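Fold and geometry: a report
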Amino acid sequence: MNEATQYNLKLERLGYHQFRTMERHPTNYLCKGVSTGTTILAVKFNGGVIIGSDSRASVGGSYVSSKVINKLIQIHDKIFCCIAGSLADAQAVTKMAKFQLSFHSIQMDSPPLVKAAASVLKELCYSNREDLEAGFITAGWDKKRGPQVYTVSMGGMLLSQPFTIGGSGSTYIYGYVDAKYKPDMSREECLQFATNALALAIGRDNVSGGVAHLVVITEGGVEHVVVPGEKLPKFHDE
Amino acid sequence: MCCLVTARVRRLRCSCSSSIRDAAHVAHGVRNGNDSLTPLAQTTIMAVEFDGGVVIGADSRTTTGAYIANRVTDKLTPIHERIFCCRSGSAADTQAISDAVTYQLGFHSIELDEPPLVQTAANLFREMCYRYREELMAGIIVAGWDKRRGGQVYTVPVGGMLTRQPVSVGGSGSSYIYGYVDSNYRAHMSKEECLQFTAQALSLAMERDGSSGGVVRLAVISEHGVERRVVAGNQLPSFSAI
């Protein structure tokens, strides 16, 4: 029995139903995915990754419960993940993953691989896929493979990609990112690409908004860039 | 033709007791969402205005559930000599509506003894789509050229709203290209730039949307007439980074 299961059983015994969702969103299966209320993305560039998201949390699509929530969670020094779906589920899972990853890192006496972090999230999402409604994008830098981007979908699939987008707002920018992404961009180009993509998605999706949070992860460290709403790029009809 | 359509629909409405109305509502919901056997043009359609005319485009796939009933559909339907409509939604509904509007517009044009305005055609579509909004599932883009206002694009989405836009996309595949269209559209593009823009946007949508595919059909409507083009699958611009 692995650590996660042992920990879960202990919590169950103590009365914490940590991996049961608080509320179930009525899902319209005709909509694209169950992800609600966000736009998240991660892009690899020459020497690092950029992971970004909007900052809006909404309840039922009609009330903005937070304008400045940070959806970029640092699960280790150079590994970040961003969350889509039920915020409650996502917070519970990332808390669990942070604990497991730090334990693993101490045991191995070295920083964890990005793939290990993604696998931990995947394991949690897959084992509890009946109860959870959260998808993740994991991105980071490690010494073995350099910059990497992984996506863990809502059912628990793990996939490595050069870039990935997620959340309800991502629907509107599939065409844009397909057309504009180039491998081996520079840091500035990649920052512009990510900012534009977020701005376009925020412009069309009513449950994405606020500021654009971007984190640039390279060998040298982690840099947090925040682009407030009025400084986001504007397009022809604004 | 339009009298037949309206009479049938009127009969539907008058005969509704509350239970039948509920049944009709359920049936409507079933037909709209869950009935996989209705031929649907879940599609990608687009129209762009430029100085001197409009460029319209559509994919060519019609599906009944998972089966592609027609892989070379022509969703660009002529309504009048220089007015076209792009159809999305239920294939049957949009065909019936465009037949009815073609008849009405032809009659109107004969009475006026001059070519009809694009705005008139758009209003006829809107009139029908709004009046019978409960029974219909149709998203239509009306585009054309007339002497008074030049090239115009009007969009009549599901529900029956009417609005004029310089560029409009519609259909299931349109969600994926809002970002691309927002970032790449510029006012005062030339005809060739518009054609390129439309073909690229439609290719991107077809790449991501399972209900859109086949060939890209384009048409340019201007003072000089209508010029039609087809871009076959292997000639489409490809954007595969992953």
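Along each chain, the written sequence defines residue order, and numbers are assigned to residues from 1. Chain letters start at A and ligand numbers start at 1, both assigned in the order the entries are written. At least 70 in pLDDT is required for a residue's local features to be given in this predicted model, at least 80 for side-chain atom pairs to be given and counted, and no such filter applies to totals for whole chains, interfaces and linings, which use all residues. Here the side-chain values reflect all heavy atoms present in the structure, with hydrogen atoms and water set aside.

**What about the nonpolar core?**
Heads up, the rule is: The definition of a nonpolar core used throughout is a set of buried Ala, Val, Leu, Ile, Met, Phe, Trp, Tyr and Cys residues joined through side-chain atoms within 4.5 Å. Using a 1.4 Å probe on the protein chains alone, a residue whose accessible area is under 20% of its type maximum counts as buried, one over 50% counts as exposed, and one in between counts as partly exposed. Each helix corresponds to a stretch of at least 4 residues labelled H or I by DSSP, and each strand to a stretch of at least 2 residues labelled E; elements are numbered beginning at the N terminus. Whether two residues are in contact is decided by their heavy atoms, any of which lying within 4.5 Å being enough.
The biggest cluster of nonpolar side chains holds 56 residues, and the ones touching the most others in it are M46 and F197 of chain B. Of all the elements, helix α5 (residues 187–204) of chain A adds the most residues to this core, at ten residues. Beyond its immediate stretch of four places on either side in the chain, F197 of chain B contacts M46, V48, V167, Y180, V181, N184, Y185 and M189 of chain B.

**A few points about the pairing of strand β2 (residues 45–50) of chain B**
Residue and element names in this part refer to chain B. The test is simple: We call two strands paired when DSSP finds no fewer than two bridges between them.
Of all the six residues making up β2, six are buried; the element is thus mostly covered by neighbouring parts of the structure. Burial of β2 is two-sided: the residues I45, A47 and E49 facing one way and the residues M46, V48 and F50 facing the other way are all buried. Here β2 runs beside strand β3 (residues 53–58); their pairing, made up of six bridges, is antiparallel. Its bridge partner being in β3, V48 is matched across the sheet by V55. Joining the antiparallel neighbours β2 and β3 is a turn of two residues, in which G52 adopts a positive phi near 115°.

**A word on the interface of chain B and chain A**
A common measure of how large an interface is: the accessible area buried when the components associate. Definition in use: Buried area is understood as the total, over both parts, of accessible area removed when two parts are fitted together, assessed with a 1.4 Å probe. The term salt bridge refers to a side-chain nitrogen of Lys or Arg lying within 4 Å of a carboxyl oxygen of Asp or Glu. Identification of polar contacts relies on pairs of N or O atoms within 3.5 Å, with a donor-acceptor requirement for protein atoms, meaning one able to donate a hydrogen and the other able to accept it, and with residues adjacent in sequence counted only if both atoms are side-chain atoms.
Across the boundary between the two partners, chain B contributes 19 residues, which contact 21 residues of chain A. Carbon and sulfur atoms supply 63% of the area buried between chain B and chain A, which totals about 1800 Å² over both sides. Taken together, the links from chain B to chain A amount to two salt bridges. Linking D182 of chain B and R204 of chain A is a salt bridge whose minimum nitrogen-to-oxygen distance equals 2.9 Å. For the interface between chain B and chain A, the tally reads four residue pairs in polar contact (both at pLDDT 80 or more). Counting only elements with at least two residues in the side of chain B that touches chain A, the list comes to α2 (18–34), α5 (178–184) and α6 (191–208) of chain B. Top contributing element to the side of chain B that touches chain A by residue count: α5 of chain B, with seven residues.

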